[in-house]
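Letter by letter, the chains look like this.
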Amino acid sequence: MEAHPSLKAAQEEMKKEAKSSYFDLPALDVSVAFPQATPAANFPPCTSDYYQFDDLLTPQERSIRMKVRIFMEKEVAPIITKYWEKAEFPFEIIPKVGALHVVGGSLKGEYGCPGLSITESAIVFAEVARVDASLSVFILVHDYLAMHTIGICGSEIQRQKYLPSMAKLQSVGCWGLTEPDYGSDASALRTTAKKVEGGWILEGQKRWVGNSTFADILIIFARNTTTKKINAFIVKKDAPGLQATKIENKIGMRVVQNGDILLNKVFVPDEDRLPGVNSFQDTKKVLAASRLMVAWQPIGISMGVYDVCHRYLKERKQFGAPLAAYQLAQQKLVKMLGNIQGMFLVGWRLCKLYETGKMTHGQASLGKAWITLKARETVALGRELLGGNGNLADFHVGKAFCDMESVYTFEGTYDINTLVTGREVTGISSFKPALLSTGSRL
Ligand SMILES: Cc1cc2nc3c(=O)[nH]c(=O)nc-3n(C[C@H](O)[C@H](O)[C@H](O)COP(=O)(O)OP(=O)(O)OC[C@H]3O[C@@H](n4cnc5c(N)ncnc54)[C@H](O)[C@@H]3O)c2cc1C
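These numbers come from a predicted model, not from an experiment. (Residues numbered from 1 in each chain as written. Predicted model: local features only at pLDDT ≥ 70, side-chain atom pairs only at ≥ 80, totals over all residues. Heavy atoms only, no water.)

Draft legend 1. Up close: the site of the ligand. The immediate surroundings of the ligand are formed by 20 residues, with Thr 178, Ser 184, Thr 413, Asp 415 and Phe 431 found nearest. In this structure, Leu 177 approaches the ligand through a main-chain N or O atom, which is 2.9 Å from an oxygen atom. Between the ligand and the protein, one listed contact pairs an oxygen atom with a side-chain N or O atom of Ser 184 at 2.6 Å. Burial of the ligand by the protein chains amounts to 67% of its free accessible area of 980 Å². Contributions of two or more residues to the shell around the ligand are made by β1 (173-176), β3 (199-210), α10 (397-409) and α11 (414-426). Residue contributions to the shell around the ligand reach at least three from each of two domains, namely domain 2 (173-279) and domain 3 (282-425). (Near = heavy atom within 4 Å. Polar contact = N/O pair within 3.5 Å; in protein donor to acceptor, adjacent residues only side chain to side chain. Areas by Shrake-Rupley, 256 points an atom, 1.4 Å probe, with all protein chains shown as cover. Helix = DSSP H or I, 4+ residues; strand = E, 2+ residues; numbered from the N terminus. Domains from an automatic or database assignment.)

Written out as structure tokens, the structure reads:
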């Protein structure tokens, strides 16, 4: 059978390419640092909204999306790689993020917070994470963990006192639950809170606490030595006996300043105990929304990785053709794109369940677990597509690949979130080996 004319032309072209010798090639331009591909400091346009999810968003949600996207591409993309490489925090960004008026999420407007819907907040986290996952963790810990604990579990006086400056990012918060010996099993935490005249004495250790090396306000969970229940306290940066040391040598989220915290007889006045935390169960009021926001970080991370890969495959040539022309490359790209469409729909549906008061903890956990699983696959495919440059933070994908490992682990690991959903759908808790099990505390 006669070949189609366009196929014939392509075959002729390939024959010509094959005949050309090394000496026929144009001279190399050695002045170009990154030949054939643009680094991510110049972030590519968004090409990952294939099913036009913008149509599912309200005009307000779309405008917040664009505001944050433009900010991230213009202000953060050009500078963030060097901070990630050095594992330092870009403090100059803090007032600019504050000026966006998105911090304080869904807390009410009277404390200077933007009063966003859950979907609007979710879109913010995805758009920040699309360009830099670490910055989205910085905001999430400050906003959906520290501020929301004060907003949901604090007294009116505490809300009035702390939230307005936190909403402007004039003071930064962190949230300390995890301890060196109690991570997934956080409800068994050992830090103690002993009642003394006029306040409480906190003693113990915390680990992994994001923002804690420079935070002004530390939310610390501790076990009440009288009731044996978990309480929460607002600890100030300069409290005597408090020490936060940066955790070094992380392989991901390198911009986030995670700390080991020592609480050596730290005095907290009565007015700084959060009255709404009287047991570990009360942390769930905060974690329901924060887990949902964390589920949106991998959506954004995957979008950014896809967008960079989409541009890269068209720019980079091997064997005489752009990488985008190869079936194997297209297959990977399309798999990534399909994952993103599914992840977005699950995330969006969870927001709607939350907004109508119907979202269960199991649903949030399934969303976080499944989305991170798909995102992990997506960033791994992206890293592969970029070849050697997939190992460089400059091309974003290697950096996002490493960051994604942290998201898979924090706010409940993949396993723990699976067990939360498993318990909800079967009615049987399997957090502890059967021999030890007296009912899970989680
Ligand atoms: C970058 C980063 C930022 C973080 N930020 C904060 C923060 O701001 N504040 C804070 O309080 N914490 C923070 N964390 C801590 C995080 O929440 C914990 O790392 C996480 O809960 C897991 O605890 P772990 O590291 O002690 O692991 P472990 O609990 O020791 O788990 C190790 C492995 O065992 C598995 N495993 C554990 N229990 C079970 C079980 N019952 N069944 C099956 N498998 C199980 C886990 O899934 C995991 O694979 C952060 C962590 C990271 C990496």
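Draft legend 2. Structural context of the domain arrangement of the protein chain. Taken domain by domain, the protein chain consists of domain 1 (53-167), domain 2 (173-279) and domain 3 (282-425). Taken together, the contact between domain 1 and domain 2 spans 28 residues of the former and 26 residues of the latter. Along the contact surface separating domain 1 from domain 2 lie one salt bridge. Glu 271 is the partner of Lys 161 in a salt bridge, and the nearest nitrogen-oxygen pair spans 3.6 Å. Summed over the shared surface of domain 1 and domain 2, the result is 13 residue pairs in polar contact (both at pLDDT 80 or more). Those elements that provide at least two residues to the side of domain 1 that touches domain 2 are α2 (59-86), α5 (133-153) and α6 (156-167). (Contact = heavy atoms within 4.5 Å. Salt bridge = Lys/Arg side-chain N within 4 Å of Asp/Glu carboxyl O.)

Draft legend 3. Structural detail: unusual backbone geometry. Not every positive phi belongs to a glycine, and Trp 208 is a case in point at roughly 75°. Looking at where Trp 208 falls in the secondary structure, it is placed in strand β3. Positive phi is not limited to glycine here, since Met 253 has a value of about 50°. Here Met 253 shows up in the loop between β6 (242-246) and β7 (258-269).

Draft legend 4. Region of the structure containing the packing of aromatic side chains. Summed over all chains, the structure comprises 14 aromatic pairs. Ring centres 4.7 Å apart and planes at 50° place the aromatic pair Phe 89 and Phe 138 in the tilted group. Here Phe 89 is found in the loop between α2 and α3 (94-99), whereas its partner Phe 138 is found in helix α5, with 49 residues between them in sequence. For Phe 89, a relative accessible area of 6% gives the class buried. Above the ring of Trp 208, the side-chain terminus of Arg 207 is found at 5.1 Å from the ring centroid. The ring of Trp 84 carries the charged tip of Arg 254 above its face, separated from the ring centre by 5.7 Å. (Phe/Tyr/Trp six-rings, centres within 6.5 Å; stacked < 30°, edge-to-face > 60°. Buried < 20%, exposed > 50% of the residue type's maximum accessible area, 1.4 Å probe, protein only. Lys NZ or Arg CZ within 6 Å of the ring centre and 35° of its normal.)

Draft legend 5. Summary view of the packing of α2 against helix α4 (residues 118-131). Their axes nearest at 9 Å, the elements α2 and α4 cross at an angle of 25°. Here α4 runs roughly parallel to α2, going by the angle between their axes. Crossing hand, α2 versus α4: right-handed. Contacts from Gln 60, Glu 61, Ile 64, Arg 65, Val 68, Arg 69, Met 72, Glu 73, Val 76 and Ala 77 in α2 reach Thr 119, Glu 120, Ile 123, Val 124, Glu 127, Val 128, Arg 130 and Val 131 in α4. By residue class, the composition of the contact of α2 with α4 is nine nonpolar, two polar and seven charged. (Axes fitted to C-alpha atoms, helices over the stretch in contact; angles between N-to-C directions. Parallel < 35°, antiparallel > 145°, perpendicular 65-115°, else oblique. Left-handed = near helix turned anticlockwise from the far one by under 90°. Nonpolar A, V, L, I, M, F, W, Y, C, P; charged D, E, K, R; others polar.)

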